Amino acid sequence: MTSIMTSVKIINHPLVQQLLTKIRDYQSLPGTFRQHALQLSHYLMYEALRDLETRPTSVDTPLSPAKGSIISDYVIFAPVLRAGLVLAEAAQSMVPEARIYHIGLKRDEKTLQAISYYAHLPETLPPASRVYVLDPMLATGGSATAAISLFTERSVNDIHLVSLVAAPEGIKRVLDKFPQVKIITASVDDYLNEHGYIVPGLGDAGDRLFGT
Ligand code: PRP
Ligand code: URA
């Protein structure tokens, strides 16, 4: 069995935890919620991108040549719609040359099964691609596992999953199926309630981001 300790990275930075506290607050209005969620997404992506491969390069400063480095990984961001768009916005601003494959999944509110409504990926991808699946709420893990499968089916296995908040149930489901996946999150919360919501969580991320 995969050790959760080695597969899950909880970002305990004070700025991250303060932003998480703000977005948990049910009184945050959509504009404020979105602004804080976007800032939090930047911090989580920054940590998630920490181990990207680089290659050496050089540039000329106004004074002399300088050694430098440039990202060499083939980076893919895969936001799970809708709520994953906030992580994608942060991610794209940090790695503008990355490819973005949107994945449309909607949880059936009764069965909690993730229903696919959009996935437009090429039949083949470079096997050494570095994929970031962006799913802000890792609840049952149905959406995340469906999104990850799209890449493993294409022989891509270097996969990170970035979530604002994760439930133990979702982490277990993802790692049982894909032990190679690394999960980056601001919090591992307590449990899922009978409606599949993360407790304490922050409620419905998509509805809060988009005011629906
Ligand atoms: C939410 C959330 C995740 C999913 C997590 O999306 O944004 O994608 O639920 O639940 P799971 O781990 O149990 O699959 P939702 O299906 O509500 O769609 P939305 O973002 O469009 O609101
Ligand atoms: N989706 C959400 O947006 N929130 C949860 O707590 C669970 C699934």
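Above this text is the structure in question.
In this report, the structure presented in the accompanying data block is examined. All values reported here derive from a predicted model rather than from experimental measurement.

1. Observations regarding the pattern of salt bridges
Close approach of charged atoms allows side chains of opposite charge to pair. Counted according to the given criterion, the structure contains 8 salt bridges. Between R24 and D189 there is a salt bridge; the shortest N-O distance is 2.8 Å. Taken together, the positions of R24 in helix α2 (residues 14-24) and D189 in the loop between β11 (182-188) and β12 (191-192) put the pair 165 residues apart, joining distant regions of the chain. You can call D189 buried: its relative accessible area is 5%. Salt-bridge contacts for K172 lead to D176; the nearest nitrogen and oxygen are separated by 2.5 Å. Here the residue K172 and the residue D176 both occupy positions in helix α6 (residues 168-177), the gap between them amounting to 4 residues, near one helical turn. Take D176: its relative accessible area is 47%, and that puts it in the partly exposed class. Linked through salt bridges whose partners overlap, the residues forming this network are K9, E47 and R50.

2. Considerations on the site of ligand 2
In the neighbourhood of ligand 2, the contacting residues comprise R107, M137, A139, G196, Y197, I198, G203, D204 and A205. At 2.8 Å from an oxygen atom of ligand 2 is found a main-chain nitrogen or oxygen belonging to I198. Contacts to ligand 2 include G203, whose backbone N or O atom sits 2.8 Å from a nitrogen atom. Here ligand 2 has 240 Å² of accessible area as a free molecule, and 90% of this is covered by the chains. Taken together, the residues of the shell around ligand 2 sort by class into 5 nonpolar, 2 polar and 2 charged.

What counts and how
Every chain begins its residue count from 1, and numbering advances along the sequence as written. In the order they appear in the text, chains get letters beginning with A and ligands get numbers beginning with 1. In keeping with the predicted nature of the model, local features appear solely for residues at pLDDT of at least 70, side-chain atom pairs appear and are counted solely at 80 or more, and the whole-chain, interface and lining totals rest on all residues. Think of the side-chain values as coming from all heavy atoms in the structure, minus any hydrogens and water. What counts as a salt bridge is simple: a side-chain nitrogen of Lys or Arg found within 4 Å of a carboxyl oxygen of Asp or Glu. A helix here means a DSSP run of H or I that spans at least four residues, while a strand means a run of E at least two residues long, and both kinds are numbered starting from the N terminus. Three labels apply to residues, based on accessible area from a 1.4 Å probe with only protein chains included: buried if under 20% of the type maximum, exposed if over 50%, partly exposed otherwise in between. When at least one non-hydrogen atom of a residue lies within 4 Å of a molecule or strand, that residue is treated as near it. In protein, a polar contact means a hydrogen-donor-capable atom and an acceptor-capable atom, both N or O and within 3.5 Å, with residues adjacent in sequence counting only if both atoms are side-chain atoms; elsewhere, any N or O pair within 3.5 Å suffices. Calculation of accessible area relied on Shrake-Rupley with a 1.4 Å probe; when residues are assessed, cover is drawn exclusively from the protein chains displayed. All amino acids are sorted into three groups, where Ala, Val, Leu, Ile, Met, Phe, Trp, Tyr, Cys and Pro are nonpolar, Asp, Glu, Lys and Arg are charged, and the leftover types, Gly among them, are polar.

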